[in-house]
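Structure assessment
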Amino acid sequence: MTYIMPNKFTNTHYGTEIRRIILEKTMLKEYIDFNDQGVFEGATNYPCIIILQKKNGENLIHYSNIKRISSSLTTSLHVSKKEESFSNEDLTYFRIRQKISSDEYWIFLNTEISEVMNKFSSDKYLRFSDLRNKIYEGLITGNNKIYFIDEETIKKYGLERELIKRLPKGKNLEKYY
């Protein structure tokens, strides 16, 4: 079975149920992600094509991340399937084993990156979440008089407004609701 659907189901809460059904009932054979390539004119869309088949043993997912839509895209897709991994200006392609074991968010990583991520997710390394309650100070410039400027300084020195960015400090933050 082949479906064209929004790619957001892979990494959003509202996609939990469809991910669960796919994992329980089928094997994901191919995932082609068009990202923001504007496949459907006049609409903001992030489509993907998924190809599913009945479960029958170990699954190898063919993953393609489309970088641009061009006249050579079909050729690139065809050539990529002959390789373990492939990348050019049109797409990035690799094969991965379906290790998705739950309805958690799906993140498609090639073997090399996946191995690095698995190392970092082990208990051997300190996680950022372990530190978040120990962070007491935000940005430290070393010299706030230079980096935090007011309207008067902008006018006095004729600074280019398009190069100046607002930076909130703790005392300037308010609830967003």
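The preceding data block contains the structure.
Computed from a prediction, not measured in an experiment: that's the story for all the values here.

A word on the overall build of the chain
- Scanning the chain from terminus to terminus reveals six helices and six strands.
- Within the chain, the proportion of its 177 residues that are buried is 25%.
- Counted over contacts in the chain with a minimum sequence separation of 6, partners at least 24 positions apart contribute 58%.
- With an accessible surface of roughly 13,800 Å², the chain has 53% of that area assigned to carbon and sulfur atoms.

Side note on the pattern of salt bridges
- The full count for this structure, using the stated rule, is six salt bridges.
- Across the pair Arg20 and Glu24 runs a salt bridge whose closest N-O atoms are separated by 2.7 Å. Of the two residues, Arg20 and Glu24 are both situated in helix 1 (residues 16-25); the distance of four residues between them amounts to about one turn of the helix.
- Here Arg20 falls in the partly exposed class, since its relative accessible area comes to 28%.
- For Glu24, a relative accessible area of 46% translates into the label partly exposed.
- Through salt bridges with shared partners, a single ionic network connects Glu17, Arg20 and Glu24.

Examining the side chain of Asp33
- Along the chain, the position of Asp33 falls in strand 2 (residues 26-33).
- Salt bridges are absent for the buried Asp33, whose nearest opposite-charge side chain, Lys8, sits at 7.5 Å.
- The contact partners of Asp33, leaving out residues within four places of it in the chain, are Asn7, Pro47, Cys48, Tyr63, Ser64, Asn65 and Ile66.

Quick notes on a nonpolar patch on the surface
- Among the surface-exposed residues, Ile4, Val39, Phe40 and Ile69 lie close enough to one another that they form a single nonpolar patch of about 360 Å² accessible area.
- In this structure, Ile4 sits in strand 1 (residues 2-6).
- For Ile4, a relative accessible area of 59% translates into the label exposed.

Structural notes on the sheet that holds strand 1
- Pairing in this open sheet of six strands is mixed, and the strands run 1-3-2-4-6-5 from one edge to the other. For this open sheet the edge positions go to strand 1 and strand 5 (85-87), each flanked by a neighbour on one side alone. For this sheet, the mean inter-axis angle between neighbouring strands, taken without regard to orientation, is 20 degrees.
- As paired elements, strand 4 (residues 60-66) and strand 6 (residues 91-97) share seven bridges and run antiparallel to each other. In the sheet register, Ser64 faces strand 6, and the bridge partner there is Tyr93.
- Across the face of the sheet, helix 1 comes into contact with strand 1, strand 2 and strand 3 (47-54) while running at roughly 130 degrees to strand 2.
- In this fold helix 2 (residues 73-80) packs onto strand 4, strand 5 and strand 6, with an angle of close to 30 degrees to the strand it touches most, strand 6.

Analysis parameters
Residues numbered from 1 in each chain as written. Predicted model: local features only at pLDDT ≥ 70, side-chain atom pairs only at ≥ 80, totals over all residues. Heavy atoms only, no water. Helix = DSSP H or I, 4+ residues; strand = E, 2+ residues; numbered from the N terminus. Buried < 20%, exposed > 50% of the residue type's maximum accessible area, 1.4 Å probe, protein only. Contact = heavy atoms within 4.5 Å. Areas by Shrake-Rupley, 256 points an atom, 1.4 Å probe, with all protein chains shown as cover. Salt bridge = Lys/Arg side-chain N within 4 Å of Asp/Glu carboxyl O. Lys, Arg positive; Asp, Glu negative; His and termini not counted. Patch = residues over 30% accessible without salt bridge, like charges linked within 9 Å, V, L, I, M, F, W, Y side chains within 5 Å. Pairing = 2+ DSSP bridges. Axes fitted to C-alpha atoms, helices over the stretch in contact; angles between N-to-C directions.

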